[in-house]
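Residue strings, one per chain:
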Amino acid sequence: MQGLRPDEVFEAYGVPPRGLSAEEAESRRTAYGPNQLPRARRKGLWRRFAAQFTDLFAVVLLAASALTFLAYALQDPRDAGNLQLAFAILGVVVLNAVIGFVQEYSAERTAQTLQAMVPHTCRVLRDGERRELPSSALVPGDLVLLEAGDAVSADARVVEAHGLSVNNAPLTGESSAVGRSAEPSSAGSALDARNCVFMGTTVVSGSGKAIVHATGPATEFGRIFRLTDTAPRQKTPLQREVAVMARRVAALAIAIGAGMLALRLQTGQPVVSAFVFALGVMVALVPEGLPATLSVSLAIGVRRMARRQALVKRLLAVEALGSTTVICTDKTGTLTQAEMTVTRIWSAGTWHAVSGVGYAPVGAVAHPGPVRELLRSAALCTDARLVPPTAREGWRVLGDTTEGAILVAAAKGGLDIAAEKDAAPRIGEFPFDPVRKLMSTVHRGPDGDVVCVKGAPQELLARCTRIRHQGTARALTEDLRAQVTTANDTMAGAGLRVLGVAVRRMEELPGSTEQAETGLTFLGLIGMLDPPRAEVSEAVRACHKAGIRIVMVTGDHPLTAEAIARRVGIVTGASPTVVTGARLDSMDAAALDALLAAPGQLLLCRVSPEHKMRVVAAFQSRGEVVAVTGDGANDAPALKHADIGVAMGAGGTDVAREASEMVLLDDSFASITAAVELGRSVYGNIRKFLAYLFSHNIAELVPILAAAFAGFPLVPLTAVQILAIDLGSDVLPALALGAEPPERDTMERPPRSRRERLFSAALVRRFLFLGTVMSLGVCAVFFWQVNASGIPFDEFTADDPAYRKAITLTQAAIVVGQFFNALAVRTDRLSVFTAGLFSNPRLIAAGCFGVGLMAAISYAPPLQTVFNTAPLALTDWAVLAGFGVLLLGAEEARKWWVRRTPVTIEKEKEAAP
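What counts and what doesn't
Within each chain, residue numbers correspond to sequence positions counted from 1 in written order. Restriction of local features to residues with pLDDT of at least 70 applies here, the model being predicted, together with a cutoff of 80 or more for giving and counting side-chain atom pairs; totals for whole chains, interfaces and linings are based on all residues. Derived side-chain values reflect all non-hydrogen atoms in the structure, with water molecules and hydrogen atoms excluded from consideration. Counting from the N terminus, the helices are DSSP H or I runs at least four residues long and the strands are E runs at least two residues long. Buried, partly exposed and exposed residues are distinguished by accessible area as a fraction of the type maximum, computed with a 1.4 Å probe on protein chains only: under 20%, between the cut-offs, and over 50%, respectively. Any two residues whose heavy atoms approach within 4.5 Å at even a single point are treated as in contact. Only buried residues count toward a nonpolar core, which is a set of Ala, Val, Leu, Ile, Met, Phe, Trp, Tyr and Cys residues joined through side-chain atoms within 4.5 Å. A pair of strands is labelled paired if DSSP reports no fewer than 2 bridges between them. For helices, the axis comes from a line fit to the C-alpha atoms of the stretch in contact; other axes are also lines fit to C-alpha atoms, and the angle between any two N-to-C directions lies between 0 and 180 degrees. One speaks of a salt bridge when a side-chain nitrogen belonging to Lys or Arg is within 4 Å of a carboxyl oxygen belonging to Asp or Glu. Each Phe, Tyr or Trp ring, with Trp reduced to its six-membered ring, pairs with another whose centre is within 6.5 Å; inter-plane angles below 30 degrees give stacked pairs, above 60 give edge-to-face pairs, and intermediate values give tilted ones. Look at NZ for Lys and CZ for Arg. If either is within 6 Å of the ring centre and within 35 degrees of the ring normal, a charge sits over the ring. Multiplying one less than the number of residues by 1.5 Å gives the expected span of a helix. In this analysis the local bend is the angle between axes fitted, respectively, to the seven residues ending at and the seven residues starting at the residue. The labels follow the angle: roughly parallel below 35 degrees, roughly antiparallel above 145, roughly perpendicular from 65 to 115, and oblique for the rest. Nonpolar residues are Ala, Val, Leu, Ile, Met, Phe, Trp, Tyr, Cys and Pro. Charged residues are Asp, Glu, Lys and Arg, and all others, Gly as well, are polar. Per-residue confidence from the predictor is reported as pLDDT, a score between 0 and 100. Each patch is built from salt-bridge-free residues with over 30% relative accessible area, joining like charges within 9 Å and nonpolar side chains (Val, Leu, Ile, Met, Phe, Trp, Tyr) within 5 Å. Accessible surface is estimated by sampling points in the Shrake-Rupley manner with a 1.4 Å probe; for residues, cover comes only from the protein chains shown.

Asker: How do you make sense of the overall build of the chain when you look at a structure like this?
Answerer: Across its full length, the chain carries 33 helices and 26 strands. Here the chain, with 913 residues, has 53% of them falling under the buried criterion. Taking the intrachain contacts of the chain between residues at least 6 apart in sequence as the baseline, contacts between residues at least 24 apart amount to 72%.

Asker: Can you walk me through the nonpolar core in this structure?
Answerer: Nonpolar side chains in soluble globular proteins tend to be buried together. Counting residues in hydrophobic clusters, the biggest one holds 109 residues, and the most contacted among them are Met305, Met552, Ile570, Met662, Phe669, Leu690 and Leu880. With 18 residues, the top contributor of residues to this core is helix H25 (residues 669–710). Non-local contacts of Ile570, meaning those with residues more than four positions away in its chain, are made with Thr329, Leu335, Val540, His544, Ile550, Met552, Ala565 and Gln601. Counting 34 residues, the second-largest nonpolar core is a separate cluster that includes Leu415, Cys452, Leu499 and Met528.

Asker: So what exactly am I meant to see when it comes to the sheet that holds strand E22 (residues 577–580) here?
Answerer: Through backbone hydrogen bonds, the strands of a sheet pair up, either in parallel or in antiparallel fashion. Sheet architecture is open: eight strands sit in the order E8-E26-E25-E24-E9-E21-E23-E22, paired in mixed fashion. Single-partner strands in this sheet number two, and they are strand E8 (310–312) and E22. Shown here is a sheet whose adjacent strand axes are inclined to one another by a mean of 20°, direction ignored. For strand E9 (residues 326–329) and strand E21 (residues 549–553), the ladder comprises four bridges, and the chain directions are parallel. Paired with Cys328 across the bridge in E21 is Val551. Running over the sheet, helix H19 (residues 558–568) touches E21, E22 and strand E23 (602–605) and is turned about 140° from E23.

Asker: How should I be thinking about the pattern of salt bridges in this particular structure?
Answerer: Think of it this way: side chains of opposite charge can pair up when their charged atoms draw near. On inspection of all chains with the given rule, the structure shows 35 salt bridges. Among the ionic pairs, Glu748 bridges to Lys545, the shortest N-O distance being 3.6 Å. Here Glu748, found in the loop between helix H26 (719–738) and helix H27 (761–788), pairs with Lys545, found in helix H18 (residues 536–545); they are 203 residues apart in sequence, far enough to count as distant. Taking the shortest distance from any N to any O, the salt bridge between Arg766 and Glu891 comes out at 2.9 Å. Here Arg766 is found in helix H27, whereas its partner Glu891 is found in helix H32 (residues 874–900), with 125 residues between them in sequence. Residue Glu891 is classed as buried on the basis of its relative accessible area, which comes to 0%. Here the salt bridges share partners, and the residues they tie into one network are Lys688, Glu743, Asp745, Arg749, Arg766, Asp828, Glu891 and Arg894.

Asker: In this structure, what is going on with the packing of aromatic side chains? I would like to understand it.
Answerer: Aromatic rings considered in pairs are described by the distance between their centres and by the relative angle of their planes. Here the structure, examined in full by the defined rule, presents eleven aromatic pairs. For the ring pair Phe782 and Phe783, a centre distance of 5.1 Å and an interplane angle of 80° mean the geometry is edge-to-face. Judged by its relative accessible area of 1%, Phe782 falls in the buried class. Judged by its relative accessible area of 18%, Phe783 is buried. Aromatic pair Phe819 and Phe820: ring centres 5.6 Å apart, planes at 80°, arrangement edge-to-face. Each member of the pair Phe819 and Phe820 is classed as buried. Ring pairs connect the aromatic residues Phe712, Phe782, Phe783, Phe793, Phe796 and Tyr803, which therefore count as one cluster. One residue, Arg344, lies across the ring of Trp351, its end atom 4.1 Å from the ring centre.

Asker: What is the right way to read unusual backbone geometry from this model?
Answerer: Glycine aside, negative phi is the norm for most residues, and most peptide bonds take the trans geometry. The backbone of Lys437 sits at a positive phi, close to 60°, despite the residue not being glycine. Positive phi, normally seen in glycine, also occurs at Arg606, with a value near 55°. Inspection of the secondary structure puts Arg606 in the loop between E23 and helix H22 (609–621). Using a relative accessible area of 17% as the deciding quantity, one classes Arg606 as buried.

Asker: Teacher, can you tell me more about the environment of Leu872 here?
Answerer: Among the structural elements, Leu872 can be located in the loop between helix H31 (861–867) and H32. The exposure class assigned to Leu872 is buried, which follows from its relative accessible area of 6%. C-alpha separation for the pair Leu872 and Tyr859, spaced 13 residues apart in sequence, amounts to 7.7 Å. Beyond its immediate chain neighbours, meaning those up to four positions away, Leu872 contacts Lys805, Thr808, Leu809, Ala812, Ser858, Tyr859, Trp877 and Leu880.

Asker: Is there a simple way to explain H26 in this structure?
Answerer: Since the α-helix advances by 3.6 residues per turn, residues separated by three or four positions end up pointing in the same direction. When the terminal C-alpha atoms of H26 are compared, their 27 Å separation across 20 residues agrees well with the 28 Å that a helix rising 1.5 Å per residue should span. If you look at H26, its biggest bend is around 35°, right at Asp730, and the proline Pro733 turns up within four residues after that. Summarising burial for H26: 18 of the 20 residues are buried, a large majority.

Asker: How should the pairing of strand E3 (residues 143–147) be read in this particular structure?
Answerer: Looking down a regular strand, the side chains alternate between one sheet face and the other. Of all five residues making up E3, five are buried, and the element is well covered by its neighbours. Both faces of E3 are covered, namely the face carrying Leu143, Leu145 and Glu147 and the face carrying Val144 and Leu146. Pairing of strand E1 (residues 121–126) with E3, which is carried by three bridges, proceeds in the antiparallel orientation. Each bridged residue has a counterpart across the sheet, and for Val124 the counterpart in E3 is Val144. Here E3 pairs with strand E7 (residues 202–214) via five bridges, running antiparallel. By the bridge assignment for E7, Leu146 is matched with Gly208.

Asker: Explain the pairing of strand E16 (residues 448–455) here, please?
Answerer: Within E16, seven of the eight residues are buried, which leaves the element mostly enclosed by the surrounding structure. Inspection of the sheet shows strand E15 (residues 438–445) paired to E16 by eight bridges, in the antiparallel sense. Residue Thr441 lies in a different strand from E16, and its bridge partner there is Cys452. Where E15 folds back on E16, the antiparallel hairpin that results is connected by two residues. Two strands pair when backbone bridges link them, and E16 and strand E19 (residues 497–506) are joined in this way by seven bridges, in the antiparallel orientation. The residue of E19 that forms the bridge with Lys454 is Val501.

Asker: Could you clarify how one ought to interpret the packing of helix H28 (residues 801–824) against helix H30 (residues 841–859) in this entry?
Answerer: To characterise two packed helices, one gives the angle between the axes of the helices and the distance between these axes. Relative to each other, H28 and H30 sit at 175°, their axes nearing to 9 Å. Classified by the angle between their axes, H28 and H30 sit roughly antiparallel to one another. Residues Thr808, Gln811, Ala812, Val815, Phe819, Ala822 and Leu823 of H28 form the contact with H30, whose own contacting residues are Leu843, Ile844, Gly847, Cys848, Gly850, Val851, Met854, Ile857 and Ser858. Residues that form the contact of H28 with H30 fall into these classes: eleven nonpolar, five polar and no charged.

Asker: For this particular structure, what's the right way to read the packing of H26 against H28?
Answerer: In contact at an axis separation of 11 Å, H26 and H28 are set at 10° when each is read in the N-to-C sense. It follows that H26 is roughly parallel to H28 by the angle criterion. Of H28, the residues touching H26 (which contributes Gln721, Ala724, Ile725, Ser729, Asp730 and Leu737) are Ile807, Thr808, Gln811, Ile814, Val815, Gln818 and Ala822. Looking at the contact of H26 with H28, its residues break down into seven nonpolar, five polar and one charged.

Asker: Looking at this structure, how should I read the confidence of the model for the chain?
Answerer: Interpreting fine coordinate detail is not advised for predicted regions of low pLDDT. Averaged over all residues, the pLDDT of the chain is 83; the fraction at 70 or higher stands at 88%. A low-confidence stretch, residues 903–913 stays under pLDDT 50, and its non-local contacts, those more than four residues away or across chains, total 26 contacts.

Asker: What is the right way to look at a nonpolar patch on the surface in this model?
Answerer: A cluster of nonpolar side chains, namely Leu67, Leu70, Leu74 and Phe275, defines an oily patch on the protein surface of about 380 Å² accessible area. With three residues, the top contributor of residues to the nonpolar patch is helix H4 (residues 56–74). Among the structural elements, Leu67 can be located in helix H4. By relative accessible area, Leu67 is classed as partly exposed at 37%.

Set out below in structure tokens:
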């Protein structure tokens, strides 16, 4: 196959130059199946559920349960306390396994659903028409059109190439671009042949056509897909940090358990009884539900971002979003609507207005005669195609939106684009290059061959020696050059994107860009308006308020960039610092660092991919967390190097989407702002449920220690009660806190420092404060009940009604306290009443479930037997509710103090203690 000439390849695969017909394509699809890779084998549901029991905490808990069963076997069988404790510990393990399994399964299904939202399309020639199809619709024999930025969707033989080069890194590991040719190759392997392209690789530059010869599992990539797809995923830094923190807490719990064992043995308790009690306390203090709660919180954040049109491909992106300090944003499509409309044309000193908006060819060019050659040449130098409206959508562009605007303007000027292209067929081309900023095509016409060139006006003007003026070509004098420059600046200053157009007659086919793009005749300028998105201005204001710096990085003219930046609010007041790519080239590292460190507004214009990459690296060396937007293949290096690469889902290339951490399904800058807010919220929610979990652990531990030091022979809270609190009062509210919506002032705070740890000093102070307040209330109700009974400490027994009511009050005090504690930790600084006391109905429902379970434990005879509890009076519940209100009031007082105290940057950047 690689040894055939292009015409022989067409013949071998039975493909006409017009491509396959729709009927033939459907027939081949039936024969060969869809162009899809096989799904990697997944573990069965039961095996995946069993894997939940291999977690470190699960192993510890299972061991504890087994030891408790053993202790029951060694004691009097009539004493069922240890049996109950063993089943309670086992219940904790099973519950966490169920939560972990359900969350993992749900996250996998969600990821599959979200990935399906990202477009995976390719362009083919069928029935002589350029069509955009789902990649899965490709069949052997399809004539695929390749352009820079495309991901190759199947293995194919190149039959036409114009400066075509591909990146074969997914197959060969070599990341450098490799040229492709349509000429026959003597290479023995298709992988070594320079006339083949492969699924999974990307087009770096140029354009071409190729005939598909293998799809789906028959491709080279299909052979290795299973190996790569089943490779284990690494944990994110946040997950590793939480795991380390949980292990440390577990070690502390074991140490406390050992201390309690020693303390109980000193009081004369039997060894088995003391061991079982210490084991129960130790197990209860382990944050066994923390990993599952963390996963739920992150998954909720990902789903919320998807609803805001931001598809997060990795959980790591959620973490980094919350600490983003700089956003380097492109202009076209992100800040603007990416719906170009030609509004003005300049030629030979004359302005021509163009009416109409959008891609519908409705409108007219004022006095089109003098600009007919300009419009014709510009239209010939395009690869895009106008797609007529359908019942579901209006006119749209298949290909580059700038080229679409040129085609619409040509139609408004009275040109029959299809007829013009048939009359001057393309025989060669030099694709757009971000360095030279030009595109050239060679056409064969009745009067000889002609080169049509379009691109950046200044770069094009430098290659022109003549200018079309009143139908004749004149020498391009300095005065005429100045007129062109003035016209360009006028349109750019009005926020228009400007392209120059030029031509050259050729006697022979040019072999290089130098031959094609010299001695050109300048025809004129085309000015296109890409209106800003309506929602961007508010999003920009929100970023500025949140302390996030926005830097526009664009290939456009400085005047165009500044005009758009002012419209959307990136630039306000005095003139910004405008730096071009040429000036960046003259800067060393120190000068660039000084530029980025300087206060004020910064616009980087006429920049190349190398410039963008360098700027991102320089920002990162200053300790900034950088988000970068991009849509083209040339943006991929910067997207991959950034802390958060943000690609365009609707208008972006496959290469850009692959290199990014996040994909904007609507291509709007406002979606980035929403994602940053949600990223901050996710991180904050994790801290909220950490404060919630650890504060209640303190309230469980302190009464036990207080009773021991006071000489009380029994415990204020049994191990079974502690586990009941963990199951009934911890898991559901913690999950609900993970779903807490963003606070109102989330985007009014400075970005989180990347040095800040999850388990910060501020978090420790908060849960110590809440745990202390809750502990005082719990100890108060326990010792109040014990003292009110009038029974001396040494005469209390486990069956004493006064003792049973006292431990019931202790458990109920923690449960009710946790209800109010959950409300208290919902906000960090704002009053919960300002945020809305009932604005998280899941949390209210979870708290009510915990209180209802506690009531059942208090009143239901079967549960009274299990937990050794007694019924509480209405006055008891009133006292407990009063303590809960005091807890909420204490936290509200703390927040009030924090709000009135200026928050310094140093306090925001607290590291782990």
